[in-house]
Amino acid sequence: MSEENEIEVTVEGLKHQVSLREKLHRLLGNPDFKDLVLESYIQNEAVRITKMLGDPAMRANQRAFDSSIDELKAIGMFDNHLRSIEQLGNYAEDQLQAYEEMQRKQDFEEDGE
């Protein structure tokens, strides 16, 4: 693959990351998503499961205990996934801006010759 093709693939990947972040922002602005996912699932369900884990009957049932731990892990992983979309999108946007600035400087230098 030529250097130009590699750059094009990288730029497209960066644009995709920015696009995913924009989609996430639209979801985060949706009241239903906020209610069903952020509040009901990520916050409230995690609290409910954590409280259940303190119940002696739950600790006595290893299978139920392990299942609840797995549920908490899943909630945490999903939350981390949403956060990583935001972070990667921010990084990608910064990289695209730096690339575009470099392109402008290169074009200016070529025009000045």
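So, how was this worked out
- Residues numbered from 1 in each chain as written.
- Predicted model: local features only at pLDDT ≥ 70, side-chain atom pairs only at ≥ 80, totals over all residues.
- Heavy atoms only, no water.
- Helix = DSSP H or I, 4+ residues; strand = E, 2+ residues; numbered from the N terminus.
- Rg over C-alpha atoms; globule rule 2.2 N^0.38 Å.
- Buried < 20%, exposed > 50% of the residue type's maximum accessible area, 1.4 Å probe, protein only.
- Contact = heavy atoms within 4.5 Å.
- pLDDT = per-residue confidence, 0-100.
- Core = buried A, V, L, I, M, F, W, Y, C linked by side-chain atoms within 4.5 Å.

### Side note on the overall build of the protein
Now for step 1: Looking only at helices and strands, one finds four helices and zero strands in the protein.
Now for step 2: When its helices and strands are written in sequence order, the protein yields α-α-α-α.
Now for step 3: For the protein, the C-alpha radius of gyration of 22 Å lies well beyond 13 Å, the compact-globule estimate for 113 residues.
Now for step 4: Projected onto its principal axes, the C-alpha positions of the protein cover 80 × 35 × 15 Å.
Now for step 5: The proportion of buried residues among the 113 residues of the protein is 19%.
Now for step 6: Long-range pairs, those at least 24 residues apart, make up 67% of the contacts in the protein with a sequence separation of at least 6.

### As for the confidence of the model for the protein
Now for step 1: Taken over all residues, the pLDDT of the protein has a mean of 92, while the share at 70 or more is 93%.
Now for step 2: Within the protein, the lowest mean pLDDT, 89, falls on helix 1 (residues 3-28), and the highest, 97, falls on helix 2 (residues 31-53).

### Structural notes on the environment of Asp 94
Now for step 1: Along the chain, the position of Asp 94 falls in helix 4 (residues 62-112).
Now for step 2: We classify Asp 94 as partly exposed; its relative accessible area is 45%.

### Some thoughts on the nonpolar core
Now for step 1: In this structure, Leu 24, Phe 33, Val 37, Ile 42, Ala 46, Ile 49, Leu 53, Met 58, Ile 75, Leu 82 and Ile 85 together form the largest nonpolar core, which totals 11 residues.
Now for step 2: Looking at this core, the elements with two or more residues in it are helix 2 and helix 4.
Now for step 3: When residues in this core are grouped by element, the largest group, six residues, is from helix 2.
Now for step 4: Counting five residues, the second largest nonpolar core, distinct from the first, contains Val 11, Leu 14, Val 18 and Leu 96.

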